[in-house]
Amino acid sequence: MKERTRRLVTTTAIASVAIGLLSGCGGKQETGNSESAGGTSTSELSAADIIKKAAESGQVGNWGLGNEYEVLALLSKYELPTSYLSQDFTMDGFDDNSILLASAMTYNELGLVKNSYDGGYGYGDSVAYIDMNDEGVAMLEDNIFCTKSFAKENPETVAAFLYASLKGWEYAVEHPEEAAEICYEYGSSVSPEHQAYMAEEVAKLVSTDMSGATVTEIGFMDDSAMEQTLNIAKQYVTLDDATANKAFQSLTLDDIRDASYYEAAKASDGKFDIEKKSVSIQLKWLPDAQFMGYYVALDKGYYKEVGFEKVDIVSGGGDIAETTAVNNGTVDFGVTWETNLASADASGMDLVEIAQIFQRSGLVLVYKPENF
Amino acid sequence: MEYEVKLKKVGRKKTLRQRIKENKSWQNLSTFIWPLVFGLIMIGLWQKEVLHSWFHTDTFTLPLLNKIGGIMGDIHEKLLENTISTVQVAFWGLLIGSLLGYLIAVFVAIFPKVGKGGLSVIGAFASVPVVAMAPVFNNWTKDVSTDAGFRSMVSKIIVVTLICAADMGLNAYRGLTEIKPYSEDLMAIYAAPKRVTLWKLRLPNSVPYVFTALKVSVPASIMTAIVSEYFAEYITGVGRQIRENIVLAQYSTAWAYIATACLIGVVAYIILMVLQSICLKRYH
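Residues numbered from 1 in each chain as written. Chains lettered and ligands numbered in written order. Predicted model: local features only at pLDDT ≥ 70, side-chain atom pairs only at ≥ 80, totals over all residues. Heavy atoms only, no water.

**Focus on the overall build of chain B**
Along its length, chain B carries 13 helices and zero strands. Each helix and strand of chain B, ordered N terminal to C terminal, gives the series α-α-α-α-α-α-α-α-α-α-α-α-α. Relative to the globule expectation of 19 Å for 284 residues, the C-alpha radius of gyration of chain B, 25 Å, shows a markedly less compact shape. Overall, chain B is about 75 × 60 × 30 Å in size when its C-alpha atoms are taken along their principal axes. Counting all 284 residues of chain B, 41% fall into the buried class. Approximately 16,600 Å² of chain B is accessible, and the part contributed by carbon and sulfur atoms is 69%. Mean positive and mean negative side-chain charge positions of chain B (29 and 17 charges, respectively) differ by 13 Å. (Helix = DSSP H or I, 4+ residues; strand = E, 2+ residues; numbered from the N terminus. Rg over C-alpha atoms; globule rule 2.2 N^0.38 Å. Buried < 20%, exposed > 50% of the residue type's maximum accessible area, 1.4 Å probe, protein only. Areas by Shrake-Rupley, 256 points an atom, 1.4 Å probe, with all protein chains shown as cover. Lys, Arg positive; Asp, Glu negative; His and termini not counted. Charge placed at Lys NZ, Arg CZ, Asp CG, Glu CD.)

**So, the UniProt feature "transmembrane region" (unreviewed entry) in chain B**
All names here are of chain B. The positions that UniProt labels "transmembrane region" (unreviewed entry) are, in the present scheme, residues 26–46, 89–111, 118–137, 207–227 and 254–275. Taken as a whole, residues 118–137 contains 85% helix and 0% strand, while its terminal C-alpha atoms sit 21 Å from one another. Taken end to end, residues 207–227 has its terminal C-alpha atoms 29 Å apart, with 100% of it in helix and 0% in strand. (UniProt positions renumbered as here; feature names shortened; annotations may be inferred.)

**Quick word on the UniProt feature "domain: ABC transmembrane type-1" (unreviewed entry) in chain B**
With numbering aligned to this structure, UniProt lists the feature "domain: ABC transmembrane type-1" (unreviewed entry) at residues 83–276 of chain B. Summarising residues 83–276 of chain B: 86% helix, 0% strand, and an end-to-end C-alpha distance of 24 Å.

**Notes on the pairing of strand β5 (residues 143–147) of chain A**
All names here are of chain A. With five of five residues buried, β5 is to be regarded as a mostly interior element. Here β5 pairs with strand β9 (residues 351–356) via five bridges, running antiparallel. Along β9, the bridge assignment pairs Cys 146 with Val 352. (Pairing = 2+ DSSP bridges.)

**Digging into the sheet that holds strand β2 (residues 85–86) of chain A**
Residue and element names in this part refer to chain A. Taking strand neighbours across the sheet as the criterion, the five strands line up as β2-β1-β3-β10-β4 in an open arrangement whose pairing is mixed. In this open sheet, the two edge strands, each paired with only one partner strand, are β2 and β4 (128–131). Taken together, the four bridges between strand β3 (residues 101–105) and strand β10 (residues 363–367) define a ladder with antiparallel strand orientation. When the bridges of β10 are listed, Ala 104 appears paired with Val 364.

**So, the environment of Arg 240 of chain B**
Residue and element names in this part refer to chain B. With respect to the secondary-structure elements, Arg 240 resides in helix α12 (residues 238–247). For Arg 240, a relative accessible area of 1% gives the class buried. Here the alpha-carbon distance between Arg 240 and Ser 228, two residues 12 residues apart in the chain, equals 8.7 Å.

**Observations regarding the pairing of β10 of chain A**
Residues and elements named next belong to chain A. Where burial is concerned, most of β10 is hidden: five out of the five residues are buried. The pairing of β4 with β10 spans four bridges and is antiparallel. If you follow Ile 130 over to β10, its bridge partner there is Leu 365.

**Comments concerning the domain arrangement of chain A**
Residue and element names in this part refer to chain A. For chain A, the assigned domains read domain 1 (43–138 + 364–371) and domain 2 (143–356). A straight line from the C-alpha centre of domain 1 to that of domain 2 covers 26 Å. Across the contact, 21 residues belong to domain 1 and 19 residues belong to domain 2. Both faces considered, domain 1 and domain 2 share a buried interface measuring about 1,800 Å² in area, 63% of it formed by carbon and sulfur atoms. (Domains from an automatic or database assignment. Contact = heavy atoms within 4.5 Å. Buried area = accessible area lost by both parts, 1.4 Å probe.)

**Some points on the interface of chain A and chain B**
Taken residue by residue, the interface counts 43 residues in chain A and 35 residues in chain B. Roughly 3,200 Å² of surface becomes buried between chain A and chain B when both sides are summed, with 57% attributable to carbon and sulfur atoms. On the chain A side of the interface with chain B, the three residues burying the most area are Leu 65, Ser 86 and Asp 240 of chain A, jointly 21% of the side's total. Viewed at the interface, chain B and chain A are joined by three salt bridges. Note that Lys 78 of chain B and Asp 240 of chain A form a salt bridge whose closest N and O atoms lie 2.9 Å from each other. Residue assignment for the side of chain A that touches chain B shows that the elements contributing at least two residues are α1 (2–23), β2, α5 (92–95), α13 (242–249), α18 (322–327) and α19 (338–346) of chain A. (Salt bridge = Lys/Arg side-chain N within 4 Å of Asp/Glu carboxyl O.)

**Re the UniProt feature "domain: SsuA/THI5-like" (unreviewed entry) in chain A**
Residues given the UniProt feature "domain: SsuA/THI5-like" (unreviewed entry) here are residues 123–179 and 289–370 of chain A. In the segment residues 123–179 of chain A, helix accounts for 60% and strand for 16%; the C-alpha atoms at its two ends are 26 Å apart.

**Some details on a nonpolar patch on the surface**
A grouping of Val 87, Phe 91, Trp 92, Leu 95, Ile 96 and Leu 99 of chain B is seen on the molecular surface, where their side chains present a nonpolar patch of about 540 Å² in accessible area. Tracing the chain through its elements places Phe 91 of chain B in helix α6 (residues 76–110). (Patch = residues over 30% accessible without salt bridge, like charges linked within 9 Å, V, L, I, M, F, W, Y side chains within 5 Å.)

**Observations concerning the pattern of salt bridges**
For side chains of opposite charge, pairing can occur when their charged atoms come near one another. Residue and element names in this part refer to chain A. The full count for this structure, using the stated rule, is 20 salt bridges over all chains. A salt bridge links Asp 223 to Arg 257, with the nearest nitrogen and oxygen atoms 2.9 Å apart. Here Arg 257 lies in the loop between α14 (253–256) and α15 (260–267) and Asp 223 lies in helix α12 (residues 223–236), a separation of 34 residues in the sequence. Judged by its relative accessible area of 14%, Arg 257 is buried.

**Some words on a negative patch on the surface**
On the surface, a cluster of negative charge is made up of Glu 177, Glu 181, Glu 185, Glu 200 and Asp 299 of chain A. Relative to the assigned elements, Glu 200 of chain A resides in helix α11 (residues 192–207).

**Topic: the environment of Thr 86 of chain B**
All names here are of chain B. The topology assignment puts Thr 86 in helix α6. Of the residues examined, Thr 86 reaches a relative accessible area of 1% and is grouped as buried. Separated by 20 residues in sequence, Thr 86 and Asn 66 place their C-alpha atoms 25 Å apart. Residues contacting Thr 86, with those up to four places away along its chain left out, are Ala 225, Ile 226, Glu 229, Gly 237 and Val 238.

**Remarks on the state of the cysteines**
Residue and element names in this part refer to chain B. Applying the stated rule across the entire model yields zero disulfides over all chains. Here Cys 164 is not cross-linked by a disulfide; its sulfur's nearest cysteine counterpart is in Cys 279, at 18 Å. There is no disulfide at Cys 262, and the cysteine sulfur nearest it, in Cys 164, is 19 Å away. (Disulfide = S-S within 2.5 Å.)

**Looking at the side chain of Gln 87 of chain A**
Among the structural elements, Gln 87 of chain A can be located in the loop between β2 and α5. Sequence-distant contacts of Gln 87 of chain A, that is, excluding residues within four places in its chain, are made with Gly 61, Asn 62, Trp 63, Ile 99, Ala 102 and Ser 103 of chain A.

**What to know about the packing of helix α10 (residues 181–189) of chain B against helix α11 (residues 194–231) of chain B**
Residue and element names in this part refer to chain B. Look at α10 against α11: their axes get within 11 Å of each other, and the N-to-C directions meet at 150°. Viewed along their axes, α10 and α11 adopt a mutual orientation that is roughly antiparallel. At the point where α10 passes α11, the crossing takes the right-handed sense. In contact with Ser 183, Glu 184 and Met 187 of α10, α11 contributes Val 196, Thr 197, Lys 200, Leu 201 and Arg 202. Residue classes in the contact of α10 with α11 are distributed as three nonpolar, two polar and three charged. (Axes fitted to C-alpha atoms, helices over the stretch in contact; angles between N-to-C directions. Parallel < 35°, antiparallel > 145°, perpendicular 65-115°, else oblique. Left-handed = near helix turned anticlockwise from the far one by under 90°. Nonpolar A, V, L, I, M, F, W, Y, C, P; charged D, E, K, R; others polar.)

Structural data, given as structure tokens:
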């Protein structure tokens, strides 16, 4: 009895120490925030100075995994070494100052940094950021794509899917608040407040181009923007597979995009003779307002109107390679970035972009002015 | 002499197959030959795209071996650089973890009442998935150094250390305590102090158990190193390269890194086997 009690006590003691240690790592250092709020943010530095300073101390952050090319292009623009720290999918590194210049999407991480709702860091307007569009190194992000063979065999299906999806996007851009609510109902990965913020910001990306001008036709594939993206990609993507790399370097826009389906959708009166009544689309990330157009189209019945019986919106996230999923026929359509599509095609996939949803880059580099 | 001859006459004549089966050197050889034959068949099936039709895949996701080999040749410098980074993490984690685990086992063997609970806690640590531990230690080691490459390595080593320590601790404890009953009695009869029993009896008895632990933790250390690279702050290592390439749909290159990871595992295991045969000679 005595021995048993003793053993029990030691076990619980050690266990509680272990749990205590582990729970300690989740806590945020609140002191860091209050200190920084009173910092000296008066010194006006140019974007160039900030980038130089962060790069010289090796504290520029990005997620990597194909998201890094705009950052690399920016660093090269200022003739700085092109190395960066790997950011995880939180902004803790930015919060604890281990990353001075952190990558953020305007519609996601930037909101988390600024806002103080659940999951936010609450920095408000005390943070500033460098916009890739202003720096001339913007690359195009979310598009819609499918395989060339699928498009060829099901031209009406592709045009109908575009027609309904673009209608969904148009509605979402005009009514971001409602779109956010719809997304939330369809199994959102984030809180309703953040969803509303996201919808607001995504609408801006869909309806403004890289130069800041308003986009009149949602989903239009602008050649100059696509060309800029492809050129930056060619400069900073090196594929280790020599044959793929050669193919990548010789890619032209005609290899990776086909505007005919978009034009067919635009010219249509909404009546289609679709070949495949049940289709699916693979998202690039977890379900949220980044993809609100599809959820709106689904919710408002736009897909039904053009003749689809069933449209599946398949969640992505983490290491889901949307290009692979579409190429091997698991899903019919997908959302990816032009660079991913181009590199997949270079290594032998058969993918083609059929519409460009985001017309400008959503990537910014966020920083705390008092650190510079 | 006569007796022997009689036996031969009485006993049933063995078939050739049976004789081959009972031949010692054939037995030794066959442990080698069958895996080799299996490997060759697999290589044949792979290269001739039979595997592809079985698993309904294409040469894109499962590239042919000559393609993978070609890429490995092309990028061997990059492969080496990433291999060194991964092996360093696995090696230091394995070394520190195993030492730590062994020390804990010795401690528990000496003070069983205090330590036994600790052993179960360590066992619990080992069952925490690496994907959960890696980001945690990433955040923990932020203050270790201003050099991201170094601190990221430290965090990876800690994860490997924990996994290996648990494995070694649990196994070595068995080796230190599961002793032939009479030998412990014998030591008692000699009035040997605890220290001597530990030194002369328990430690030598634990050596085979140490190798049992290593047989699990050597491959585990490499696997853990590879997985924790996914989450590391500094981008390097075989595992990280596998992930980067798969996201960009560069399967051939990803396979080149997967093959490298396999090679690291196989080489490490061979080294361990050689070490074991040297160290355990007197046990056979």
